[in-house]
Amino acid sequence: MSDDPRTRCDLLVTNAYVATMDDDRTMYPSGAVAISGRDVAAVGPEREVLATWRADRVLDAGGSLVHPGLVEAHY
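Keep in mind the model is a prediction, meaning the values are calculated, not measured.

## Observations regarding the pairing of strand 3 (residues 27-36)
Step number 1: The pairing of strand 2 (residues 11-19) with strand 3 spans six bridges and is antiparallel. The residue of strand 3 that forms the bridge with Val18 is Tyr28.
Step number 2: Where strand 3 meets strand 4 (residues 39-45), six bridges bridge the pair, whose relative direction is antiparallel. When the bridges of strand 4 are listed, Ala34 appears paired with Ala42.
Step number 3: Taken together, strand 3 and the strand that follows it, strand 4, pair antiparallel across an intervening segment of two residues, in which Gly37 is found at a positive phi of about 65°.

As structure tokens, this is what we get:
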């Protein structure tokens, strides 16, 4: 049993330039995304996401653009 109070998720994408699809089109130049199952559990500044979420699998996006929740439907 862990003493870590953070919520577990399946995947953390860190070191990302996150472009959200919210009404304000919020951007997080130093952002992170927490994925739980097939759901986006959290999006925000990396510091805040990592303070709340933990995962065994962490993907460093290397500063690349990440747009969570976007479904590409092109054939």
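After that view, the rundown keeps rolling.
## Quick look at the pairing of strand 2
Step number 1: Across the nine residues of strand 2, seven count as buried, placing the element largely inside the fold.
Step number 2: Sheet topology note: the strand 2/strand 6 (residues 57-60) ladder contains four bridges and is parallel. Bridge pairing in strand 6 places Leu11 opposite Arg57.
Step number 3: Note that strand 2 and strand 7 (residues 65-66) share two bridges and pair parallel. If you follow Tyr17 over to strand 7, its bridge partner there is Leu65.

## Re the side chain of Thr20
Step number 1: With respect to the element layout, Thr20 can be found in the loop between strand 2 and strand 3.
Step number 2: Reaching out from Thr20, the side chain makes a polar contact with the side chain of Asp22 at a distance of 3.0 Å.
Step number 3: At 2.8 Å, the side chain of Thr20 forms a polar contact with the backbone oxygen of Thr26.

## Considerations on a nonpolar patch on the surface
Step number 1: On the surface, a nonpolar cluster with roughly 290 Å² of combined accessible area is contributed by Tyr17, Met27 and Leu65.
Step number 2: Mapping Tyr17 onto the fold places it in strand 2.

## Details of the side chain of Arg54
Step number 1: Mapped onto the secondary structure, Arg54 falls in strand 5 (residues 53-54).
Step number 2: A distance of 3.2 Å separates a polar side-chain atom of Arg54 from the backbone oxygen of Arg6.

Criteria and thresholds
Residues numbered from 1 in each chain as written. Predicted model: local features only at pLDDT ≥ 70, side-chain atom pairs only at ≥ 80, totals over all residues. Heavy atoms only, no water. Pairing = 2+ DSSP bridges. Helix = DSSP H or I, 4+ residues; strand = E, 2+ residues; numbered from the N terminus. Buried < 20%, exposed > 50% of the residue type's maximum accessible area, 1.4 Å probe, protein only. Polar contact = N/O pair within 3.5 Å; in protein donor to acceptor, adjacent residues only side chain to side chain. Patch = residues over 30% accessible without salt bridge, like charges linked within 9 Å, V, L, I, M, F, W, Y side chains within 5 Å. Areas by Shrake-Rupley, 256 points an atom, 1.4 Å probe, with all protein chains shown as cover. Salt bridge = Lys/Arg side-chain N within 4 Å of Asp/Glu carboxyl O.

Geometric values such as these leave the question of function open.
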